[in-house]
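One-letter residues, chain by chain:
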Amino acid sequence: MVREVPLWLKVAAGIFLAGMTLLLLGPLVVVLGVSVSESQFIAFPPQGLSLKWYAQVFGDARYLVSFRQSLVLALIVTGLASLFGGASAIAIHRRAIPGAGILATIFLSPLILPTIIYAVGMLMFWSATFGAVSFLTLVIGHTVICIPYVLRTTLAVLSESDPYLEEAARTMGAGRLARLWFVVLPQCLPGLAAGMFFAFNISFDEAVLSLFLRQPDLTTLPVRVYGQLEFSPDPSVAAVSSIMIGVTVLLLLLADRILGLKRFSEG
Amino acid sequence: MTDRRENLLLLAPGLALLALAFILPIFRMLALSVQGEDGLTGAHFARFLGDPFYLGVLWRTVRLSLLITLICAVLGFPFAYIMARARPRLRTLLLIIVILPLMTSVVVRTFGWMVILSRNGILPEMLRDLGLAGRSFQLMRTETAIVLGMVQVLMPFMVLSILGVLARLDQRLEEAARTMGCSFLGALRHVVLPLSMPGIAVGAVLCFTLSASSFVTPNLLGGTRVQMLAASIYRAVTQTLDWNFAAAQSVILLVGILLVMAPYIVSQGRRHG
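Because the structure is predicted, anything quoted here is derived from the model rather than measured. Sequence order sets the numbering: in each chain, residues are counted from 1 along the sequence as written. Each chain gets a letter, beginning with A, and each ligand a number, beginning with 1, in the order they are written. Only residues with pLDDT of at least 70 are given local features in this predicted model, and only at 80 or more are side-chain atom pairs given and counted; all residues enter the totals for whole chains, interfaces and linings. For side-chain calculations, the full set of non-hydrogen atoms in the structure is used, while hydrogens and water are omitted.

### Re a nonpolar patch on the surface
Link 1 in the chain: Exposure above 30% relative accessible area and the absence of a salt bridge qualify a residue for a patch, where like charges join within 9 Å and nonpolar side chains (Val, Leu, Ile, Met, Phe, Trp, Tyr) within 5 Å. The protein chains shown are the only cover counted for residues, whose accessible areas, like all others here, come from Shrake-Rupley with a 1.4 Å probe. What makes a salt bridge here is a side-chain nitrogen of Lys or Arg within 4 Å of a carboxyl oxygen of Asp or Glu, nothing more. Nonpolar side chains collect at one region of the surface, where I102(A), I106(A), L15(B), I23(B), F27(B) and L30(B) lie side by side and expose about 500 Å² of accessible area between them.
Link 2 in the chain: Segments assigned H or I by DSSP are reported as helices when at least four residues long, segments assigned E as strands when at least two residues long, and all are numbered from the N terminus. Elements that contribute at least two residues to the nonpolar patch include exactly α4 (100-112) of chain A together with α1 (3-33) of chain B.
Link 3 in the chain: Tracing the backbone through its elements, the reader meets I106(A) in helix α4.
Link 4 in the chain: Think of it in three bands: residues with accessible area under 20% of the maximum for their type are buried, residues over 50% are exposed, and the middle band is partly exposed, with areas taken using a 1.4 Å probe on protein chains only. Owing to a relative accessible area of 34%, I106(A) belongs among the partly exposed residues under this scheme.

### What about the nonpolar core?
Link 1 in the chain: Side-chain atoms within 4.5 Å are what join buried Ala, Val, Leu, Ile, Met, Phe, Trp, Tyr and Cys residues into a set we call a nonpolar core. If you look at the biggest cluster of nonpolar residues, it comprises 169 residues, and the most contacted ones within it are I116(A), Y118(A), F79(B) and F215(B).
Link 2 in the chain: Those residues in contact with Y118(A) that lie beyond four places of it in its chain are L113(A), I140(A), G141(A), V144(A), I145(A), L209(A), A21(B), F22(B) and I26(B). By definition, residues are in contact when any of their heavy atoms lie within 4.5 Å.

### Points about the interface of chain A and chain B
Link 1 in the chain: Chain A puts 85 residues into the contact, and the matching count from chain B is 78 residues.
Link 2 in the chain: Summed over both partners, the accessible area (1.4 Å probe) lost when two parts come together is defined as the buried area. For the chain A and chain B pair, buried surface summed over both sides reaches about 7,300 Å², with 82% attributable to carbon and sulfur atoms.
Link 3 in the chain: On the chain A side of the interface with chain B, the three residues burying the most area are L24(A), M124(A) and R176(A), jointly 10% of the side's total.
Link 4 in the chain: For the pair chain A and chain B, the interface holds 2 salt bridges.
Link 5 in the chain: Here a polar contact is recorded for every N or O atom pair within 3.5 Å, except that within protein the pair must consist of a potential hydrogen donor and a potential acceptor, and residues adjacent in sequence are included only if both atoms are side-chain atoms. Our enumeration of links across chain A and chain B arrives at 9 residue pairs in polar contact (both at pLDDT 80 or more).
Link 6 in the chain: Among the elements that take part in the side of chain A that touches chain B, helix α1 (residues 7-35) of chain A stands out by supplying 16 residues, more than any other.
Link 7 in the chain: Residues are grouped as follows: Ala, Val, Leu, Ile, Met, Phe, Trp, Tyr, Cys and Pro are nonpolar; Asp, Glu, Lys and Arg are charged; all remaining types, including Gly, are polar. Split into classes, the residues belonging to the side of chain A that touches chain B amount to 65 nonpolar, 11 polar and 9 charged.

### Examining the packing of helix α7 (residues 143-168) of chain B against helix α10 (residues 197-212) of chain B
All names here are of chain B.
Link 1 in the chain: An axis is simply a line fitted to the C-alpha atoms; with a helix, the fit covers only the stretch in contact. Between two such axes, the angle follows the N-to-C directions and lies from 0 to 180 degrees. Where α7 meets α10, the closest approach of the two axes is 8 Å, and the angle between their N-to-C directions is 155°. Classified by the interaxial angle, the pair formed by α7 and α10 is roughly antiparallel. Taken as a pair, α7 and α10 cross one another with a handedness that is right-handed. Here α7 contributes M150, L154, F157, M158, S161, I162 and V165 to the contact with α10, which in turn contributes P198, G199, I200, V202, G203, A204, L206, C207, L210 and S211. Here is the rule for angles: anything less than 35 degrees is roughly parallel, anything more than 145 is roughly antiparallel, 65 through 115 is roughly perpendicular, and the remaining ranges are oblique. A crossing counts as left-handed when the near helix is turned anticlockwise from the far one by less than a right angle, and as right-handed when that turn is clockwise.

Rendered as structure tokens:
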């Protein structure tokens, strides 16, 4: 008979879990708290309760421009990354090309290389080749960073799929495009969807590449917040940050609804 | 059209994008790091390696990254273990506690730490009230602030890496040790811990490389006085506009990270090869 876990250990585990929760969620709770404070200064615990900082954010053209830029950027990047990553995943999965394993490694390398190194390279390369950095630069850079996530989730789903389905479709006379569209794509879909959630989340929250490629008229939301933090933060930054937390929570709920949290965390 | 051509067509756009927008920029950076007034030069590297200030930045980067990795492993292992053995509802809750911060922008999380650690923030105030710190006690712009912030930022990577291994671990191994008379902690120490080493190793490599190359959190919590390598690169790019020097520092960071990852990559290659 296995002895039970001793009581003192259970109590210790409880205290430990509480401490870890405080460590992991504390900063987020503090940001949410500051955003509803009445005080002119950043203070936690909040003094009073007011939504005036949110009103200020929604009346501030700079925040709105940044928010729109981040949203458009994330949507375009999500589309491009799923297109490029998905198509590559299908080809790599079929292993029809020699060196498919090496190919996968090459495609995943942006995941291993620290973003700051890529950001330095991209800024230098773009400036030397095309001149001033633009929105397009950011779209391309974010797409490169996001492709590995889509590739990985799609490959994972494909490796569990039935390889004979496509053969069956072929014997039944389905053409290449029809097979891709009606057989392979539906098989990819769960992985593709998970990858898209990652891509949107990463692009929307990404700060390092966006900071290095920052231009006066090209300031995504994280970069706007970063700039405020470096100079003169007031509680309106907390309101913007809280909205960003809100977007994350929304995305998580959506991912859980569509895919289930379990698959999502395994990606 | 052959199968081969179809696959090549599927692969071509991604490969082209990667070659043009990823490989080329990296090579551009490598080239700039050795480019001088007239031809090749090692001057940018010599400048970094000959200056006590930059050597100090490098040493701080290595030292803090090691400390952050160690703390993440020590706290992350028991957390991942409890997650793996918890009832489904508690496990889901803990999973959310880990994933929500992971998915929140690093800028936002660092802001939270700035509030907590500021002069009148909760943590310094508490330490002062407990009499553990003097009136002029500061946490912002210290190495402690960087470590605290980075541990929170990187903890999810460690926990999820270990959880991946623990979830696949045969629970009967542990039960066998217990029936043989091993205490709970003994089984944890002699059975579970050795078997979760692959997960801890992956998590440690991730934590170390991410913290050594991290920019936002160390720069905002440490300021200009307590610089880490990434902040120094950013300064060379945006403030002193010395791109050759920035490229050289990036190469040093890249080489360091590749050295740390080399054993992991080799073992992965063996497994797949």
